[in-house]
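Okay, here's what each chain looks like letter by letter:
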There are 2 protein chains.
Amino acid sequence: MLSRERVQQLCKKSLESIPLGLKDEEWQNGIDFYKYMFTNHPDLRVYFKGAENYTAEDVQKSERFKKQGTRILLAQFICANTYSDPVAFEAFARETTDRHRIYKMDPALWHAFWTVFVNYLCTKTTVDEETKQAWAQLGKDFGDECLAHLKRTGRAY
Amino acid sequence: MLSRERVQQLCKKSLESIPLGLKDEEWQNGIDFYKYMFTNHPDLRVYFKGAENYTAEDVQKSERFKKQGTRILLAQFICANTYSDPVAFEAFARETTDRHRIYKMDPALWHAFWTVFVNYLCTKTTVDEETKQAWAQLGKDFGDECLAHLKRTGRAY
């Protein structure tokens, strides 16, 4: 078990390999996330209406996934930056769960996501064992709060 | 000019007076924000369809503003927690601007908001001058990025 501060430090450090911004190579980080996910977890495409059959090349050309890519990575930046502040971190988990309500996601994905994310991160930088442990700890806490929130609000279908 | 770390420290400290959570008194922090805003800036109610004539008492009884209150305070928690990480802070500002696109807000509000917020905070705790300066600095940077983003995307109407 790492301290929250150590988790934060390690996660933030690893995110330096995928900066968000307005340069082409920064947008590309987000696009690459979905290219990775759609290639390695094609079953997850079912949650992206209209893109159920998208290939990595389709993602590359898509304005939708350019924006969505940065948006999903931003959530990881927010998680890492708030992890040392559980009030903010857990409120963000609940809010994220609420915003995904309409997609009727399999609740297990709130935990499973983080393995996909770290595997994507490994395509961008070297992720050492302690950093993997940090993301796993953060991801477990995030998923736990999401599932508790689903249960609390009668959505643990 | 305060360092980003000092701004973060002061802003986070002041947010301890308005925790977010599932207890009644935690939800109340968010409700109180809208009660404060609707009472002191009734002109801003125009952006809340269906609530244009809401009084503080209407807000108090509203499920919508209970949720919306925590949601808007969460954004301040995220701003404070990311301020020492400009990549994340500025990406959050752009994302927030995009999510508000449909409301056709007066762009000036991206800066003006922070005075309203700090005045609300003053109803909850003692906010010293340095902390006010910290929020003003954070708010200016946030608003600057929002306006740059609006301009960049042809929305600086």
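Just so it is clear, the structure is predicted and the values come from calculations on it, not from any experiment. Throughout this document, residue positions are counted from 1 along each chain, in the order its sequence is written. All chains are assigned letters beginning at A, and all ligands numbers beginning at 1, according to the order in which they are written. Restriction of local features to residues with pLDDT of at least 70 applies here, the model being predicted, together with a cutoff of 80 or more for giving and counting side-chain atom pairs; totals for whole chains, interfaces and linings are based on all residues.

Q: Please explain the UniProt feature "binding site: heme" (unreviewed entry) in chain A as it appears in this structure.
A: Residue and element names in this part refer to chain A. UniProt positions are given in the numbering used here, feature names are shortened, and annotations may be inferred rather than shown by experiment. Under the local residue numbering, the UniProt record ascribes the feature "binding site: heme" (unreviewed entry) to H100. Counting through the fold element by element, H100 comes out in the loop between α5 (86-99) and α6 (109-121). Here H100 falls in the partly exposed class, since 14 other C-beta atoms lie within 10 Å of it. Put simply, DSSP H or I for four residues or longer makes a helix, DSSP E for two residues or longer makes a strand, and each gets a number counted from the N terminus. Counting other C-beta atoms within 10 Å of each residue's C-beta, where C-beta atoms are placed from the backbone, gives the exposure class: buried for 20 or more, exposed for 12 or fewer, partly exposed between.

Q: Would you mind showing me how to read the interface of chain A and chain B here?
A: Accessible area lost upon the coming together of the parts serves often as the stated size of an interface. Each partner contributes residues to the interface: chain A has 17 residues there, and chain B has 17 residues. No other element matches helix α4 (residues 63-82) of chain A, which puts seven residues into the side of chain A that touches chain B. Only Asp, Glu, Lys and Arg are considered charged, only Ala, Val, Leu, Ile, Met, Phe, Trp, Tyr, Cys and Pro nonpolar, and every remaining residue, Gly among them, polar. Here the side of chain A that touches chain B is built from residues that sort into nine nonpolar, four polar and four charged. Contact criterion: two residues are in contact if their C-beta atoms, reconstructed from the backbone, are within 7 Å.

Q: Can you help me understand the relation of the copies chain A and chain B in this one?
A: Note that the two copies of the chain are related through a rotation about an axis and a translation along the same axis. When the copies are superposed, the least-squares fit takes in the C-alpha atoms of residues with a pLDDT of at least 70 in both. Taken as rigid bodies, chain A and chain B are interconverted by a rotation of 180 degrees and an axial shift of 0.0 Å, the fit giving an RMSD of 0.0 Å. The operation mapping one copy onto its partner corresponds to a two-fold rotation axis. Considering only C-alpha atoms, the residue of chain A closest to the rotation axis is N81 of chain A, which sits at 2.9 Å. Same-surface contact between copies: 100% of interface residues of chain A are shared with the interface of chain B.

Q: Even after reading the chapter, I still don't get the packing of helix α1 (residues 4-15) of chain B against helix α4 (residues 63-82) of chain B, so can you show me in this structure?
A: Two quantities define a packed helix pair, namely the angle between the helix axes and the distance between the axes. Residue and element names in this part refer to chain B. Angles shown run from 0 to 180 degrees and are taken between the N-to-C directions of axes, each axis being a line fitted to C-alpha atoms and, for helices, limited to the stretch in contact. Two elements in contact, α1 and α4, have axes separated by 8 Å at closest approach and are oriented at 150 degrees. On the basis of the axis angle, α1 is roughly antiparallel to α4. In this structure, α1 crosses over α4, and the sense of that crossing is left-handed. Seen from α1, the contacting residues are Q8, C11, K12 and L15; seen from α4, they are Q76, F77, A80 and N81. The residue inventory of the contact of α1 with α4, partitioned by class, reads four nonpolar, three polar and one charged. Note on angle classes: values under 35 degrees are labelled roughly parallel, values over 145 roughly antiparallel, values of 65 to 115 roughly perpendicular, and the remainder oblique. Left-handed describes a crossing whose near helix is turned anticlockwise from the far helix by less than a right angle; the clockwise case is right-handed.

Q: It is not clear to me how the environment of T125 of chain B should be interpreted in this structure. Could you clarify?
A: Residues and elements named next belong to chain B. Position of T125 among the secondary structure elements: in the loop between α6 (109-122) and α7 (129-152). Since 14 C-beta atoms lie within 10 Å of it, T125 is described here as partly exposed. Separated by 68 residues in the primary sequence, T125 and E57 place their C-alpha atoms 22 Å from one another. Once you skip the residues sitting within four places of it in the chain, T125 turns out to touch S14 and S17.

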